[in-house]
Amino acid sequence: MSSLVPALLQVAALVALLALTVPPLARYLAHVYSAPRHLAPERVVYRAVGVDPDADQHWRSYLTSVLGFSLVGVLALYAFGRLQQHLPLSLAMEALPADGAFNTAVSFVTNTNWQWYSGEAALGHLMQMTGLTVQNFVSAAVGMAVAVALARGLARSGAQGRVGNFWVDLVRGVLRVLLPISVLGALVLVVLGVVQNFDAPQVVGTLADGSQTLTGGPVASQEVIKELGTNGGGFYNANSSHPFENPSPLSNLVEVYLILLIPLAMALAFGRLVGDRRQGRAVLAVMSILLATSIGLLTWAEMAAPGAAPAAAGGAMEGKEVRFGEAGSALFAATTTGTSTGAVNSMHDSLTAPGGLVTLFNMQLGEIAPGGVGSGLYGMLMLAAVTVFLSGLMVGRTPEWLGKKIGQREMVLVALYVLATPAVVLVGTALAISTDAGLAGQQESGAHGLSEVLYAVTSAGNNNGSAFAGLTTGTPFYNTLLGVCMLAGLFLPIVFVLALAGRFAAQHRVPAGAGTLPTHKPLFVILLTGVALVVVGLTFVPVLALAPIAEALQ
Amino acid sequence: MTVPFRLALAKMSPRELIDNPVLLVVEVGAVVTTVATVLDPSLFSVSITLWLWLTVLFGTLAEAVAEGRGKAQAASLRTLQQTTTARRIAGAADRVATGGLMTLPVEEVPSGSLRAGDVVVVEAGERIPGDGDVIEGVATVDESAVTGESAPVIRESGGDRCAVTGGTVVLSDRIVVRITSDPGHSFVDRMIALVEGSERQKTPNEVALNILLLSLTAVFVLVVATLWPFMDYSGIQPSVLVLAALLVCLIPTTIGALLSAIGIAGMDRLVRRNVLAMSGRAVEAAGDVDVLLLDKTGTITYGNRQAAELLPVDGVALVRLAGAAQLSSLADETPEGRSIVDLVHARGLAADATVPEGAVLVEFTATTRMSGIDLPGRSIRKGAGSAVATWIHGTGGQPAGELDEIVERIASSGGTPLVVAEQVGDEPARVLGVVHLKDVVKEGMRERFDEMRAMGIRTVMITGDNALTARAIAEEAGVDDYLAEATPEDKMALILKEQEGGRLVAMCGDGTNDAPALAQADVGVAMNTGTSAAKEAGNMVDLDSDPTKLIDVVEIGKQLLITRGALTTFSVANDIAKYFAILPAMFVVAFPQLDVLNVMALSSPESAILSAVVFNALVIVALIPLALRGVAYKPAAAEVLLRHNILVYGVGGLIAPFVGIKVLDLVISLLPGI
């Protein structure tokens, strides 16, 4: 029980830090995405790219910009990966194979940061920094932009489907939000002992008289945006369990804090953007309920350590770092899967079966607890649309949300959104499990083997990027399958989100009255939480029953 | 009961089911299990197959029952459509001036060949050959076949009572009617189509809900389809039969089966209250109404002034004033006169309520503006203040000083003062007091407006009265706002203003000058007594011509939407229990530990699956009455309604199947072989 006190202390410290910083950041975010003035460096970027920053884009044009920008990112990263042996600072790394380059390019552009390779052994500094770190910033900013566009759609009235300017949202997200916080965060991490250098790999002698190659590098700078942008792609293959990335319980806490900062602040910023701060608090409440529940369950699972092996070993410490302990690992695991981060400080494959179930379910929720920097908010808002539709009917009006009607066209988009990611995950998993190429990579068979594959595809489809390990995924089959899952899992939903934003923006706002469904009260918070759990539960319970549930009940 | 069943069987054809994807999936599932059963028959597979087919049947039955209720009504309406011989006035259609039409020559034509614009003459005892407006003459008409109201109504040319409905019978006199509808497009045609539901189109919200159901169905098709490889991988032999059963249990069959029945029944409920909605869209809009425009007269007030107060002056005893007022009104058959007698009775001030011998009644005339009674040695007059004052002066008397003050006060409160005076013998006449006549607000209106307010609906009273009177009545009735001295243009402007702010407006009207506003309003209820133009413009017609019906219409609209939402929530909530029944049953072979999930302790896997399937089918039948009746609705704020409905249909939908499936399992487990 002695470990319970530090477990609670770290949660208390985290809550205090967030409570102090999330509200002011939300205010700042709302300002960033609505201020009319452009800063001088931003003007330079707009001029260089050749866009008019004051043009208000129709949702189609906004979407085209998102897709075009992402396509360029994929092509550039693919080229970097294929040609890295010819590029400077390559540390003599070989070119990536075609499927691997495709997977990596897609992975970083989609903010998934699924890594089939071992970072320090496959990528040179240039690829890591310009390719991956840049994408860590812009892919996060793209997600935030899409969420802001949806908020604008709800906030505007009769705006002919115009939802803002993607380029402005993108540039501001990077320059005004992600960069400044990253600089601060990187300094803090360096102080806490995270490595930051440009040295060549060092060879050191070990106690056992062997030798070990230590790759240093710009770790802290990538680490901070990895967490802040809910990216998750580590400099090292061991990710945040590597002592150079995450040296102490304190740095662990800071990294968890960085992961949660923007997704939670976006919820409150949403309230400000739609001109009703209570709406943001309601969204924040739902995110917090789901997050707190998963942290609690996961911590309980790991500390109570159900299962024969952990009981014999005296604790579920397999795959965990001693410096973080069960609680520090559980907190990180719940946070990284509840957001679409996917960084890990322990091996999720070695989590207890109920713990593994929580991480899987977290991702299957569609990354809304509290989700990615942008995808968390828009994912939650899409589920809120479903909730509004059902509960709106039950108050005897055709459903309306923040004064916008959810009619047939709106419902088509919401329905397609709800359908898209589960379809990707279920079909992808079924494909992997029923082909020889898919089964080839499995370390284990049976229920745990299914968990491994399900986890990988779920992680890719929901753009999380964390791995269950145990499954060898660096094969052409998995690189291709997971690459497609990442693409479909991100861009299909974005198409529906932006289309919905456009439809909402075109509508005229209906004033609220006593007969209007209130979407900021505790009842709605409970309903939205319930809808999220039931919709996802009904979709995934059968396969979960065959995998981690069967395992957990063994 | 056999007719709906036959209809339901006919509706099971895949071509009919194409509009109902949920039931179509069930049917496909039933076909699949039928094939599986034929290949490998067992009591279990036969039972599952049978119940899947029953699920489809029950699903179509709901709609069939709902439609069946309209059939009888349609049949009686069809009798109105028999072809009769109409007497058309040749060449009248081209004449600009009306008048003297009855003297023109007529030709006999079958009623079915009449077109809009034709002019016919109809006499007592004849059936009116088509919808139209009376352009000459006046007649009493029996409209009971359409409205159900047996008392004949008067229809006359000009004004707001000129519309006649084809098929109704002229009882007296002779009228000339200009036909306003072509064959097949008459009012009765539309009524028949409505009550039969044959022309029913899905309303926008119904389509949106269908999309949600479709996507849920798609999710579950995916879940079940991918379960095959997952089970295969896990070493469980997947059974087509069981997977089909699982799919049918998971997809929202309850709401899928009941959705169209809810819509038809909603229209039917309106028809039962004698309101004809020309489109389901209008009924849906009724649930969304934010502003209700109500005419004062006949809706909020009884429409005639009634005595409300007796105010004696100069120390006259109340009994004396009451006695005089009653005496002067005994023979007065106007509503005002009767209301005075009623008031005196109600206050217990009544003396002898018969007209004494030798009394001479003084009729009201426009010049004297007084009425009264002359008894031997005593005269009583009542009337407008100035007229009575003139009479008193004539007898050499002087009206009391405080009279002016009382009269002024009553007038400023929106009422009408009726001054009562008497002259005994040859003495000068004197004022006894004042009867306060006022436009009496109908009972229960304040409560209804309070309900409306709770629902978030603003009520606006429309009246031709001056602002003073309007405000007094508005305050008394408890409406939120009023529009005084309103012209049709004012009404129109008000509607446009509200709609500009995004609000939905409902109103009722009867006159031709109401037609533009009726057409502009989101919900326009035309009175059946009104003109054809008004009926054409509105999207609903109230056969009872009762303006308060508007409130019922709003409630029915809301009830319709709530029923949809409640049953959808119920349907989805049901799935959780079904998982607990079916998943352990399916997987327990390979993973015995999953028996922990069998929280209902169902007796065997086969019994568990069958129980879930049977429950799923029976719940449709059990909910048909609810779908037809609509869920109970009591006006309240959104938050209150939501909490109530979530508790009943959400939490209820969560718990009910646990109980239901357990009970069914107890029964089914008794069957040998399962």
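Residues numbered from 1 in each chain as written. Chains lettered and ligands numbered in written order. Predicted model: local features only at pLDDT ≥ 70, side-chain atom pairs only at ≥ 80, totals over all residues. Heavy atoms only, no water.

Undergrad: Mind showing me how you'd approach the overall build of chain B here?
TA: In terms of regular secondary structure, chain B is built from 22 helices and 21 strands. In terms of overall size, chain B is more extended than a compact globule, its C-alpha atoms giving a radius of gyration of 34 Å where 674 residues would be expected to give roughly 26 Å. Considering only C-alpha atoms, chain B reaches an extent of 115 × 65 × 50 Å along its principal axes. Relative to its 674 residues, chain B shows a buried fraction of 55%. (Helix = DSSP H or I, 4+ residues; strand = E, 2+ residues; numbered from the N terminus. Rg over C-alpha atoms; globule rule 2.2 N^0.38 Å. Buried < 20%, exposed > 50% of the residue type's maximum accessible area, 1.4 Å probe, protein only.)

Undergrad: How should the overall build of chain A be read in this particular structure?
TA: If you tally the helices and strands in chain A, you get 19 helices and six strands. In terms of C-alpha radius of gyration, chain A reaches 22 Å, essentially the compact-globule figure of 24 Å for 554 residues. The dimensions of chain A, computed from C-alpha atoms along their principal axes, are 75 × 55 × 45 Å. In chain A, which comprises 554 residues, the proportion classed as buried is 64%. Summarising the internal contacts of chain A: among those between residues at least 6 apart in sequence, 78% fall at separations of at least 24. Summing over all exposed atoms, chain A offers an accessible surface of approximately 18300 Å²; the carbon and sulfur share of this is 67%. If the 25 positive side-chain charges of chain A are averaged to one point and the 27 negative ones to another, these points end up 23 Å apart. (Contact = heavy atoms within 4.5 Å. Areas by Shrake-Rupley, 256 points an atom, 1.4 Å probe, with all protein chains shown as cover. Lys, Arg positive; Asp, Glu negative; His and termini not counted. Charge placed at Lys NZ, Arg CZ, Asp CG, Glu CD.)

Undergrad: Would you take a moment to explain the packing of aromatic side chains for this structure?
TA: Remark: the centre distance and the inter-plane angle together describe each pair of aromatic rings, the angle taken between the planes. On inspection of all chains with the given rule, the structure shows ten aromatic pairs over all chains. Through pairs of rings, three or more aromatic residues link up here, namely Tyr62, Phe69, Phe166 and Trp167 of chain A. (Phe/Tyr/Trp six-rings, centres within 6.5 Å; stacked < 30°, edge-to-face > 60°.)

Undergrad: Explanation requested: the interface of chain A and chain B in the structure shown.
TA: Where the parts come together, the accessible area they lose is often given as the size of the interface. Counting residues at the interface gives 57 residues for chain A, matched by 60 residues for chain B. Both faces considered, chain A and chain B share a buried interface measuring about 4700 Å² in area, 77% of it formed by carbon and sulfur atoms. Looking only at chain A, the three residues that lose the most surface to chain B are Met394, Leu538 and Leu546 of chain A, adding up to 17% of its buried area. Across the chain A-chain B interface, the total number found is two salt bridges. Between Arg397 of chain A and Asp290 of chain B there is a salt bridge; the shortest N-O distance is 3.0 Å. Where chain A meets chain B, there are twelve residue pairs in polar contact (both at pLDDT 80 or more). Secondary structure elements with two or more residues in the side of chain A that touches chain B: α14 (375–394), α15 (408–433), α17 (446–461) and α19 (522–552) of chain A. Ranked by the residues each element gives to the side of chain A that touches chain B, the list is headed by α19 of chain A, at 13 residues. Here the side of chain A that touches chain B is built from residues that sort into 36 nonpolar, 16 polar and five charged. (Buried area = accessible area lost by both parts, 1.4 Å probe. Salt bridge = Lys/Arg side-chain N within 4 Å of Asp/Glu carboxyl O. Polar contact = N/O pair within 3.5 Å; in protein donor to acceptor, adjacent residues only side chain to side chain. Nonpolar A, V, L, I, M, F, W, Y, C, P; charged D, E, K, R; others polar.)

Undergrad: Where do I start with the pattern of salt bridges in this structure?
TA: One side chain can pair with another of opposite charge once the charged atoms of both are near each other. Tallied over the full model, the rule gives 40 salt bridges over all chains. Connected via shared salt-bridge partners are Arg397, Glu400 and Lys405 of chain A together with Asp288 and Asp290 of chain B.

Undergrad: Would you explain the nonpolar core in this entry?
TA: Nonpolar side chains in soluble globular proteins tend to be buried together. Trp401 of chain A together with Leu292, Met586 and Phe587 of chain B are the most contacted members of the largest nonpolar core, which totals 330 residues. No other element matches the 19 residues that helix α20 (residues 549–587) of chain B contributes to this core. Met586 of chain B has contacts with Leu227, Met231, Ile236, Val242, Leu243 and Leu246 of chain B, leaving out every residue within four places of it along the chain. Counting 22 residues, the second largest nonpolar core, distinct from the first, contains Ala325, Leu327, Leu349 and Ile380 of chain B. (Core = buried A, V, L, I, M, F, W, Y, C linked by side-chain atoms within 4.5 Å.)

Undergrad: In this structure, what is going on with helix α14 (residues 402–412) of chain B? I would like to understand it.
TA: Helical geometry: 3.6 residues make up each α-helical turn, so side chains three or four residues apart lie on a common side. All names here are of chain B. The set of residues buried in α14 consists of Leu403, Ile406 and Ile410. Projected down its long axis, α14 shows its buried positions confined to an angular sector of 70°, all on one face. Exposed residues on α14 whose side chains face more than 90 degrees from its buried face are Asp404, Glu405 and Glu408. Backbone geometry just downstream of α14 places Gly414 in the positive-phi region, at approximately 95°. (Arc of directions from axis to C-beta.)

Undergrad: What is the right way to look at a nonpolar patch on the surface in this model?
TA: A contiguous nonpolar patch, built from Leu647, Val648, Val651, Leu654, Ile655, Val659, Val663 and Val667 of chain B and spanning about 650 Å² of accessible area, is present on the exposed surface. The topology assignment puts Leu654 of chain B in helix α22 (residues 638–668). (Patch = residues over 30% accessible without salt bridge, like charges linked within 9 Å, V, L, I, M, F, W, Y side chains within 5 Å.)

Undergrad: What's the story with the sheet that holds strand β20 (residues 523–527) of chain B in this structure? I'm lost.
TA: Remark on secondary structure: sheet strands pair via backbone hydrogen bonds, oriented parallel or antiparallel. All names here are of chain B. Pairing within the open sheet is mixed, and its seven strands lie in the order β9-β21-β20-β19-β10-β17-β18. Across the chains shown, the open sheet's two edge strands, defined by having one partner strand only, are β9 (275–277) and β18 (481–483). Within the sheet, the average angular offset between the axes of one strand and its neighbour, ignoring direction, is 20°. With five bridges connecting them, strand β10 (residues 291–295) and strand β17 (residues 458–462) associate as parallel partners. Note that in β17 the partner of Leu292 across the bridge is Thr459. Against the sheet, helix α17 (residues 488–500) makes contact with β10, β17, β18 and β19 (505–509), and its axis sits at roughly 160° relative to β19, the strand it touches most. (Pairing = 2+ DSSP bridges. Axes fitted to C-alpha atoms, helices over the stretch in contact; angles between N-to-C directions.)

Undergrad: I'm lost on the pairing of β10 of chain B in this one. Help?
TA: All names here are of chain B. Counting buried residues along β10, four of its five residues qualify, which places the element largely inside the surrounding structure. Relative to β19, β10 is paired through three bridges, and the arrangement is parallel. Bridge pairing in β19 places Val291 opposite Val505.

Undergrad: Before we go on, may I ask you to explain the side chain of Thr359 of chain A in this structure?
TA: Residues and elements named next belong to chain A. With respect to the secondary-structure elements, Thr359 resides in helix α13 (residues 353–364). A polar atom in the side chain of Thr359 sits 2.6 Å from the backbone oxygen of Gly356. What Thr359 contacts, discounting residues up to four positions off in sequence, is Leu298, Ala333, Thr337, His348, Leu351 and Tyr455.

Undergrad: Teacher, can you tell me more about the pairing of strand β3 (residues 119–123) of chain B here?
TA: Along any regular strand the residues' side chains alternate between the sheet's two faces. All names here are of chain B. A large share of β3 lies buried, amounting to four of its five residues. Pairing geometry for strand β1 (residues 85–89) and β3, over two bridges, is antiparallel. Across the sheet, the residue bridging to Arg87 is Val121, located in β3. Pairing between β3 and strand β8 (residues 169–179): five bridges, direction antiparallel. Bridge assignment links Val122 to a residue of β8, and that residue is Ile175.

Undergrad: How should the packing of helix α8 (residues 240–250) of chain B against α20 of chain B be read in this particular structure?
TA: In a pair of packed helices, the angle between the axes and the distance between the axes together describe the arrangement. Residue and element names in this part refer to chain B. At their nearest, the axes of α8 and α20 sit 10 Å apart, and the two run at 170° to each other. Between α8 and α20, the interaxial angle falls into the category roughly antiparallel. Listed contacts from α20 to Val242, Leu243, Leu246, Cys249 and Leu250 of α8 are Asp575, Lys578, Tyr579, Ile582 and Met586. Here the contact of α8 with α20 is built from residues that sort into eight nonpolar, no polar and two charged. (Parallel < 35°, antiparallel > 145°, perpendicular 65-115°, else oblique.)

Undergrad: It is not clear to me how helix α3 (residues 21–39) of chain B should be interpreted in this structure. Could you clarify?
TA: Residue and element names in this part refer to chain B. Counted at 1.5 Å a residue, the expected span for α3 with its 19 residues is 27 Å, and the 27 Å between its end C-alpha atoms agrees. Within the span of α3, buried status applies to Val22, Leu23, Val25, Val26, Glu27, Gly29, Ala30, Thr33 and Thr37. In this structure, the buried residues of α3 make contact with α2 (14–17), α4 (43–78), α7 (204–233), α8 and α9 (253–272). (Expected span 1.5 Å × (residues − 1).)

Undergrad: Mind showing me how you'd approach the environment of Asp314 of chain B here?
TA: Residues and elements named next belong to chain B. With respect to the helices, strands and loops of the structure, Asp314 is situated in the loop between β11 (301–312) and α11 (318–329). For the pair Asp314 and Leu432, spaced 118 residues apart in sequence, the C-alpha separation works out to 7.7 Å. Ignoring anything within four residues of it in the chain, the contact list for Asp314 reads Ala400 and Glu402.

Remember, this is a structural readout, not a statement about activity or role.
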